[in-house]
Structure formats: C-alpha cells, structure tokens
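Coordinates in review
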Amino acid sequence: MASFGIWVLTIFLVFQSGYGFYLPGSYPHKYKVGDPLSVKVNSLTSIDTEMPFSYYSLPFCKPAEGVKDSAENLGELLMGDRIENSPYRFKMYTNETLIFLCQSGKLSADEFKLLKERIDEMYQVNLILDNLPAIRYAVKEGFVSRWTGYPIGVKFQDMYYVFNHLKFKVLVHKYEETNVARVMGTGDAVDVFPSGGKGGSDVPGYMVVGFEVIPCSVMHNGNVVKDLKMYDKYPSEIKCDTTTVTVPIKEGEPIVFTYEVAFEESDIKWPSRWDAYLKMEGSKVHWFSILNSLMVITFLAGIVLVIFLRTVRRDLTRYEELDKEAQAQMNEELSGWKLVVGDVFRAPSHPALLCIMVGDGVQILGMGVVTILFAALGFMSPASRGTLITGMLFFYMILGIAAGYVAVRLWRTIGCGDHKGWASVAWKAACFFPGIAFLILTILNFLLWGSHSTGAIPFSLFVILLLLWFCISVPLTLVGGYFGAKAPHIEYPVRTNQIPREIPAQKYPSWLLVLGAGTLPFGTLFIELFFIMSSIWMGRVYYVFGFLLIVMVLLVVVCAEVSLVLTYMHLCVEDWKWWWKSFFASGSVAIYIFLYSVNYLIFDLKSLSGPVSATLYLGYSLFMVLAIMLATGTIGFLSSFWFVHYLFSSVKLD
C-alpha cells in the first residue's frame, strides 16, 4: 500500500506541475487595468500538408528582445508545437489603434517564393493569449463558422496578398474576489489567510475569457513608416475591411505590419472560457453510434447466451445425470467440441510471440482506458497543450509491469509451469511494440527533418524517449515478468494427448471467418472514429471523451463476444487451433480501420498535397492500427481463454 501511495502522489505531482487540468477552486490569472499582456505564437499549421513550420520561418516581425522559446512539455514537442514569444503587446483594458509593428526587409526571391507556397498550402498563423488560442469567426450565408488562427494570406487573380493588419478583440470578465479568511474560518484563520488588506478589492481586476482576431490586407505608405519605431502610432487612418485585399506582395518590396486591439467586458466566466473551442456538433450522431453499438452487443450477447444456456449447460447437465456405464457409452458417441478435449490446450505455434503480443496488448489497452478515463473526468484539459500525449506516454511506461506479468504468466501456462525463458519473453515484450513504433517514427522523422518542419522530433528528444524506454519501461516490464514467473501458472483442466488429433477438412477457410469477424467491432466504433480522425487531421479540438469512454467499453464487450463465439464455432467443427484465431478474430478490426483511414485520405483529405504528406498520414495510421490490433486482439484472446478453460473444466472426461 505504501508503494501504491507513492505512485498516486507521483502521478498527482506530474500533472500538477504541468498545470494539465483545472481543479475546482484553482485560480485564474488576474490582471489589473494597464497590466501588460503578452501574445505568443505557435507553429504555422495547415490541413493541406499536415507539416507544421516555425512562425519565424516567414518574414514576420520579431520581438525587440529576440525570439525566445516558451517552456514546452513532452507532448507538445511530439505534436510539433513550437511556442515562442511575439512582438504583439497589449495593456489590460486599454484600447489601442494604429499601432505600427515593423516593416520587413525587402523580400528576397526565396522569401517571396516561400510566402507564395505557404499561402497556396493554406497555412494558418496560431496566436495565444493567456493560454487561449486566437479564434476567428466567419459568416457565410447566415452560417457562423469558427476557426482557430488566421490564414497567412490569400491568392486572388494570380496575385498574392498577405494579411498585414490584425484587429484583435479581447474579452475580459471582472475578477470576483472572495475573502478567503471569511470563507476558511475565523479567529486565527484571519492571520493565516489574509484578505488582502483595506482596499485590496478596490482595484478592479480582470480575467481574459476570449481572444478573437480579424485579419486584413491593408495598403500602407512605405515612406511614412521609415522613421517609426515599434509600437509607435501610425500617422494615418487604417480601415480594416475583411471583404477586400489591397496589398499584393512583390519580390524586392517590404511588408508593413500593424495591429489594433479592443477590450470588451463579457458575461463569460473563467471556467467557461474554453466552451467556444470545445463546441462539437453532432451529439445526436454520437448517441446514434452508441445505440448502434448496443444493438450489436445485444445481438452477440444473445448468441453467447444460447451457447452457454442451451448448448453447453444442456450437454453438461445431461452428462452429469448419467451413470458411469452410460457416461462411458456417451464418451464413445461424443461429437463437436467434446472431441477435441485432448488437444484444446495443445501449445500453439509461435507461443512466445503470442505471449509477447498479448502482454503488449494489455499494456496498450490499460493505457487507453486509464487515459480516456482521466480525460473524461476533466484532468487533461486542452488548455494545456500536449498533456494528453504526455499522460499516454506516462501511463504506458508505468503499465509495463502489467505487460511483463501477463506475458510471462501466459508463457508459463503454455509451458505447464516451466520457468525456462521467462526473462527472454519479458525482455521481448518490453521491446516489441516500442521497437516497431520507434522504427516507424524514425522513418517519418527523416521525412520531416528533410522538410525542415517543426513536427520533426529533435534529436535531444529522441535521446530522452530512448532513456524513458530503457530506464523506466524496460525495467518495469522485467519486474512485471519476475512477478509473473513467481505467480502460480494457470493449470489446464484436462490432459493433452501426445499425438495431435487430425482436423477434419473444412467447407470454408477458417481464416476467412476470422477476418470477417472484425466487421462487428468496427461497426461499434466507425462513427466515433470519424470525429477522432477529423480532430487529428482537420485541426479540430476533440473533447467528447465521455462518449469515447462509453464507445471504448462497448468495443471491449463486442471484441470479447465476437472472439468467444468464433472460438466456439471452431471447436464445434473439431478445429482445436483456436489460440491465434481468437486473437485475430477481434484484432482483425485493425484491417478495417486501416482501410477506413485510406478511404478518409482519398475522400475527406482531398487537399492533402504531396507524397511526403501522404506518407506521413499512412505512417501514423499504420502506427495507430498496430496499437489497436494488439489491444483488441488481447481482449479476444483473454476472453476465449477464459471461455475454453471454463468449458472444459466443467467436463469430467479422461
């Protein structure tokens, strides 16, 4: 229990140090009127290429104090976020207009070409104020659409225009200060929790609850700005009209950047300030997905019920009511699954690989369930970029203990209690999935490095990931394997014959049925899969983790039921090689997910340009599909193993 408490404390400290979530009672940042507000910039992103680039890779204004990186967590780096300071400066509740920012140098041929490419590829500028991304509203035919960030520019009649004037609107909410001493207690509490003294509440404070941007293309007078310094007043009026563009970029000419900011008091309270970003349409579609899954589960549960109650129970009850002579006679007339009693627990081909895949599947499944549960409870808010990825990585490493334990205990069960080779199995379980993932990410990283994208994992981060793998995940997996070697193996209820029984010729290939079984688990998740794919590849924020948790639970149930039914069907036709088939009966859902990914690439990501972008997409999809195959296959195998063990432990056959 002491070690468990230490782990809980460690998890709490990790997340608390990253400010990964809002806890009830946590305090927002209060600004007084006139306090400075700093805007940060994130990587330039595009759904056209899926390759982020640094903001300062284009000829934008740089801050006077120089470009500085903000503190980033592991998840942010893996997602390609590069948050840096910007030259934009605001003062709380102080409206300002006609602010001159800078005039870029004359555009070189390379800069001009790069700007045109980024505009053609629909790259967006992402700004952040008080941890809120800039949001842009567009009204078209009475329909209001929301976008995070704003486009670099636009192409019109073979001319390229850069949005060089930004109109910011900052929504603020008055800070409602509470007297802590009065709330927490009386007497000595006044000394412990000071209320701020007299007049502490007289100075109004405000919280940032919204950050909107309107980009414009404005014609500036280059001669006028020659003597202006950053943040000086622009001498003439600037009209920001979103329906017109007036400043085409030309090679050899500079670009003048200006901005204005207006503050507006809002009724939005601080805990609700992310609502504008988290609005996901289609809640009815999510419920339809869940109802669809429930129908599949009910159908399969009915089949399982028939197997247990009508077939298995009936046979067992009838068998137990007979006397010994009748039982002996019945043994000679056995048919179906009872005929393979001497072979059903015969070791499968490649047993070590099966144990390793099941162990890794338990690790991935556990990581998925715990991460989604924490996210559904609100512990991984999108307000902290990268926390979800960081959490997944953390839980995956910790659950190495479960992977080693399950893999080694299954290995010993297949070997009828033999300890030999357990360390090798635990070591391979620690390296199998991470090794494949590392290979895929390395290949994709070389593509990103070649494109100079911020999505490329820095070499230093590669070293950190390797250290986390070999210094935390591998040792924990070996520790789990040690406990699995010490734990009693699962004893088979029946003896295995020395000579394997010949499997009768089948009317149809058994693997065809196994591959077809994956359609049922896919049917439970394909609707939710669309929303997940849209959030990953279309730049949308996914935050309906409550729905995802329900779908996850339903998927586990469907995978277990599908594999159980398929295993029973194979045993009934005297096919005792059920081990691998039970794994792939539910694991084959990964094939359909990959086909769906290809379909999504062709029909939904039509704008995805270039072989590098398509390769990145397919590489990441392959990585995701492999993880899903291991997780779902493990569910199917463990449920089938339990079913076969239960079925034959109830039969008294020699």
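Here goes a summary of the coordinates provided. (Residues numbered from 1 in each chain as written. Predicted model: local features only at pLDDT ≥ 70, side-chain atom pairs only at ≥ 80, totals over all residues. Heavy atoms only, no water.)

Under the defined criterion, the tally for this structure stands at 46 aromatic pairs. Arranged with centres 6.1 Å apart and planes meeting at 70°, the rings of F168 and Y259 form a pair that is edge-to-face. Here F168 is found in strand β13 (residues 165-174), whereas its partner Y259 is found in strand β15 (residues 256-265), with 91 residues between them in sequence. Summarising the burial analysis for this pair, F168 and Y259 share the class buried. The interplanar angle of 75° and the centroid separation of 6.4 Å between the aromatic rings of F345 and F648 together place this pair among those described as edge-to-face. Here F345, found in the loop between α8 (324-332) and α9 (351-376), pairs with F648, found in helix α19 (residues 611-649); they are 303 residues apart in sequence, far enough to count as distant. (Phe/Tyr/Trp six-rings, centres within 6.5 Å; stacked < 30°, edge-to-face > 60°. Helix = DSSP H or I, 4+ residues; strand = E, 2+ residues; numbered from the N terminus. Buried < 20%, exposed > 50% of the residue type's maximum accessible area, 1.4 Å probe, protein only.)

Within this structure, the stated rule accounts for 2 disulfides. With its sulfur 1.8 Å from that of its partner, C61 forms a disulfide with C102. Residues C61 and C102 are joined through a disulfide that is left-handed, its torsion about the S-S bond being -90°. Of the two residues, C61 sits in the loop between β2 (36-41) and α2 (74-79) while C102 sits in strand β4 (residues 96-103), which places them 41 residues apart along the sequence. The pair formed by C61 and C102 is uniform in burial state, with each residue classed as buried. (Disulfide = S-S within 2.5 Å.)

A packed helix pair is summarised by two numbers, namely the angle formed by the two axes and the spacing between the axes. Remark: helix α18 (residues 589-603) packs on α19, axes separated minimally by 8 Å, with the N-to-C direction vectors making an angle of 160°. Relative to α19, α18 is oriented roughly antiparallel. For the pair α18 and α19, the sense of crossing is right-handed. Here V589, A590, I593, F594, S597, V598, Y600 and L601 of α18 lie close against α19, whose contacting residues are Y617, L618, S621, L622, M624, V625, I628, M629 and T632. By residue class, the composition of the contact of α18 with α19 is 14 nonpolar, 3 polar and no charged. (Axes fitted to C-alpha atoms, helices over the stretch in contact; angles between N-to-C directions. Parallel < 35°, antiparallel > 145°, perpendicular 65-115°, else oblique. Left-handed = near helix turned anticlockwise from the far one by under 90°. Contact = heavy atoms within 4.5 Å. Nonpolar A, V, L, I, M, F, W, Y, C, P; charged D, E, K, R; others polar.)

Below, the discussion takes up the sheet that holds β2. Taken in spatial order, the 4 strands make up an open sheet running β3-β2-β6-β7, and their pairing is antiparallel. Each having just a single partner strand, β3 (84-91) and β7 (132-133) make up the two edges of the open sheet. Two strands pair when backbone bridges link them, and β2 and strand β6 (residues 127-129) are joined in this way by 3 bridges, in the antiparallel orientation. Bridging across to β6, K40 finds its partner in I128. (Pairing = 2+ DSSP bridges.)

Time to look at the environment of A631. With respect to the element layout, A631 can be found in helix α19. C-alpha of A631 to C-alpha of S586: the two residues are 45 residues apart in sequence and 9.3 Å apart in space. In contact with A631, not counting residues within four places along its chain, are G361, I364 and L365.

Below, the discussion takes up the pairing of β2. Here β2 shows one buried face, formed by L37, V39 and V41, and one open face, formed by P36, S38 and K40. Relative to β3, β2 runs antiparallel, the two sharing 5 bridges. Along β3, the bridge assignment pairs K40 with N85.

None of the figures reported here should be taken as evidence of function without further support.
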